[in-house]
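Chain residues, written in single-letter form:
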There are 2 protein chains.
Amino acid sequence: MQLTILGCYSATPRTFNNPTSQVLEINNHIFLIDCGEGTQVALRRNKIKFNRIKHVFISHLHGDHFFGLIGLISTFSLLNRKTELHIHGPKGIKEIITLQLKLSKSWTSYPLYFHELESKEPQLIFEDEKVTVETIPLNHRVYTNGFLFKEKPGDRKLLMNEVLNYEIDVAYYRSIKKGKDAILEDGTVISNEKLTAPPIPPKSYAFCSDTFFKPDIIPQIKGVTGLYHEATFLETHQHLCEPTKHSTAKQAAEMAKLAEASKLILGHYSTRYGDINLFKAEAETVFENVVLAEDGKKINFN
Amino acid sequence: MQLTILGCYSATPRTFNNPTSQVLEINNHIFLIDCGEGTQVALRRNKIKFNRIKHVFISHLHGDHFFGLIGLISTFSLLNRKTELHIHGPKGIKEIITLQLKLSKSWTSYPLYFHELESKEPQLIFEDEKVTVETIPLNHRVYTNGFLFKEKPGDRKLLMNEVLNYEIDVAYYRSIKKGKDAILEDGTVISNEKLTAPPIPPKSYAFCSDTFFKPDIIPQIKGVTGLYHEATFLETHQHLCEPTKHSTAKQAAEMAKLAEASKLILGHYSTRYGDINLFKAEAETVFENVVLAEDGKKINFN
């Protein structure tokens, strides 16, 4: 699981920094999360293959999180993409995109699907054999979701020496990897623990932007490997959190601590601060493993 | 009169080049012409003050000419702009912008006016004491206008030595500068030519993108100081002009020649060509004074 930060600031594009956008690589999926203006160029700069992106997740309809989407959709089409593309985002996103395609008398060269969100409860919005994606309802000025990306638990690992030692037939390997005991031809039962090691623990990533401090999501994100939590302000501007529905770096760290996350990633910095290391310092007073989102940074989760 | 190129390529943003956008400085106006994705960042990089832009002219509703507009409008608002902004563009532009503002539950901090265009004839769309702007109907796949920016002829220059010599009262200066003869107290008529020199010739700039070769606009742009004409293709791909409604570099040069323009600026290059100097070379076989639009280039008109 690897995260690439395409943009990390709030509000407006800056001369050399993009607004929010991230790419999560998880089990061979390349998920694009939010898509501020300039995202398609950031994808090029980070050498992320357009065709591998099949799902885009938009948290909410503030410009710094989606103004780059129409350009991305349009560019994919100009490049004659054939692979389908799924857009998951708040109700309204389809109208915004289709209106612009209609007025430019164009449509996409590829199947484009919209999955509009309006529930205020967590929803499973993507699932395949290895990965699930759920919405995380957040508290912002407009309808907003975070997203929780989870690997499914993998198979147990066969201890081949033991398996060969007991002369177990290949036909049983699959069920043993799923946790079943083995029964030999003479009826002897070999317990699963003798034949397998536990699977690699599944990883997970929670993306939470933008939101007011919202500890009621903790049960959903408990034990998450990576937590991205917005940190628009420092504590010195904590009074701005309520009217703007944003969080401070310290609050983000409190969320990471409550969730027992392995790693906290901060981002969505207000441009009023000159030095983003202030966010890291503030968060580290509460939570140890803090990483700053910065354009082009790749973050691994071990 | 000075032109700043913010973006010069067609179709999609590139890693280091923007799609079409230009800033024309003419008689203290800063006019923004087209607004592809990334324009607001290009304005920052070129240190053009946001507040001086009061009029934006959008040629047509293909993404490479307007996808940056919503971000620009939104950023102006986040910066708490108070100065009014006028958007001149094809019918539909208002719906695109207002839908996105509505869905983000925001409106602008400044008066925002839309002037939607749908006429197929040239129209005067802006006029003040010193400058006019007209549409130039073009021939593209969707409804498209070029724009003709013209300085109004200035006043004639008083030859002060002569004026003082004839002891002409200050009260008459204004009418003399406007071309009137002077009448002395004894009734003697002093012809205007004796008292004035011709005004500085007014400058003009025609922006023509995107369009199929369209010589019927020549009477409108005759004698233009600067002609920007799209050159999507080289002659080797001339067969693509009809289906895509674009022009070649040679055709752009033919337009400049027919219009007796002082200077031709080429742009909107297809990304299929590695070297944009090929466009210049091709145009120079027809017209002498050719300049290539390149991101960040400033072009003066003498």
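Fair warning: this is a prediction, and the values are worked out from it, not measured in the lab.

Participant: Looking at this structure, how should I read helix α10 (residues 249-259) of chain B?
Facilitator: Each turn of an α-helix holds 3.6 residues, which means side chains three or four residues apart point in the same direction. All names here are of chain B. Those residues of α10 lying buried are Ala249, Gln251, Ala252, Ala253, Met255, Ala256 and Ala259. In the core, the buried residues of α10 are packed alongside α8 (218-221), β15 (226-230), α9 (241-244), β16 (263-267) and α11 (277-284). Glu260 lies just past α10 and shows a positive phi near 55 degrees.

Participant: Sorry, what's going on with the interface of chain A and chain B here?
Facilitator: Many authors give the size of an interface as the accessible area that is lost as the parts come together. At the junction of the two partners, chain A supplies 34 residues and chain B supplies 34 residues. Buried surface at the junction of chain A and chain B, summed over both partners, amounts to about 2,900 Å²; 63% is from carbon and sulfur atoms. Looking only at chain A, the three residues that lose the most surface to chain B are A:Glu37, A:Phe67 and A:Leu103, adding up to 20% of its buried area. Linking chain A to chain B there are five residue pairs in polar contact (both at pLDDT 80 or more). Looking at the side of chain A that touches chain B, the elements with two or more residues in it are α1 (39-45), α3 (69-78) and α4 (93-103) of chain A. Here the residues of the side of chain A that touches chain B sort into 13 nonpolar, 13 polar and eight charged.

Participant: Mind showing me how you'd approach the packing of aromatic side chains here?
Facilitator: What characterises a pair of aromatic rings is the spacing of the ring centres plus the angle enclosed by the ring planes. All chains considered together, the criterion is met by 29 aromatic pairs over all chains. Here the aromatic rings of A:Phe31 and A:Phe57 are separated by 5.3 Å at their centres, their planes lie at 85 degrees, and the arrangement is edge-to-face. With A:Phe31 in strand β3 (residues 29-33) and A:Phe57 in strand β4 (residues 53-57), this pair connects stretches of sequence that are 26 residues apart. Accessibility assignment for this pair places A:Phe31 and A:Phe57 in one class, buried. With centroids separated by 6.0 Å and ring planes inclined at 50 degrees, the aromatic side chains of B:Tyr205 and B:Phe301 adopt a geometry described as tilted.

Participant: Any chance you could explain the UniProt feature "binding site: Zn(2+) 1" (unreviewed entry) in chain A here in plain terms?
Facilitator: Within the UniProt annotation, "binding site: Zn(2+) 1" (unreviewed entry) is assigned to A:His60, A:His62, A:His140 and A:Asp210. Separation in sequence by 151 residues is not matched in space for these annotated residues, since their most distant C-alpha atoms are only 10.3 Å apart. Residues contacting A:His62, with those up to four places away along its chain left out, are A:His140, A:Arg141, A:Val142 and B:Ser104. Among the structural elements, A:His140 can be located in the loop between β8 (131-137) and β9 (145-151). Once residues within four sequence positions are removed from consideration, A:His140 is found in contact with A:His60, A:His62, A:Asp210, A:Thr211, A:Thr244, A:Lys245 and A:His246. At a separation of 3.3 Å, a polar atom in the side chain of A:His140 contacts the side chain of A:His62.

Cut-offs used in this document
- Residues numbered from 1 in each chain as written.
- Chains lettered and ligands numbered in written order.
- Predicted model: local features only at pLDDT ≥ 70, side-chain atom pairs only at ≥ 80, totals over all residues.
- Heavy atoms only, no water.
- Buried < 20%, exposed > 50% of the residue type's maximum accessible area, 1.4 Å probe, protein only.
- Helix = DSSP H or I, 4+ residues; strand = E, 2+ residues; numbered from the N terminus.
- Contact = heavy atoms within 4.5 Å.
- Buried area = accessible area lost by both parts, 1.4 Å probe.
- Polar contact = N/O pair within 3.5 Å; in protein donor to acceptor, adjacent residues only side chain to side chain.
- Nonpolar A, V, L, I, M, F, W, Y, C, P; charged D, E, K, R; others polar.
- Phe/Tyr/Trp six-rings, centres within 6.5 Å; stacked < 30°, edge-to-face > 60°.
- UniProt positions renumbered as here; feature names shortened; annotations may be inferred.

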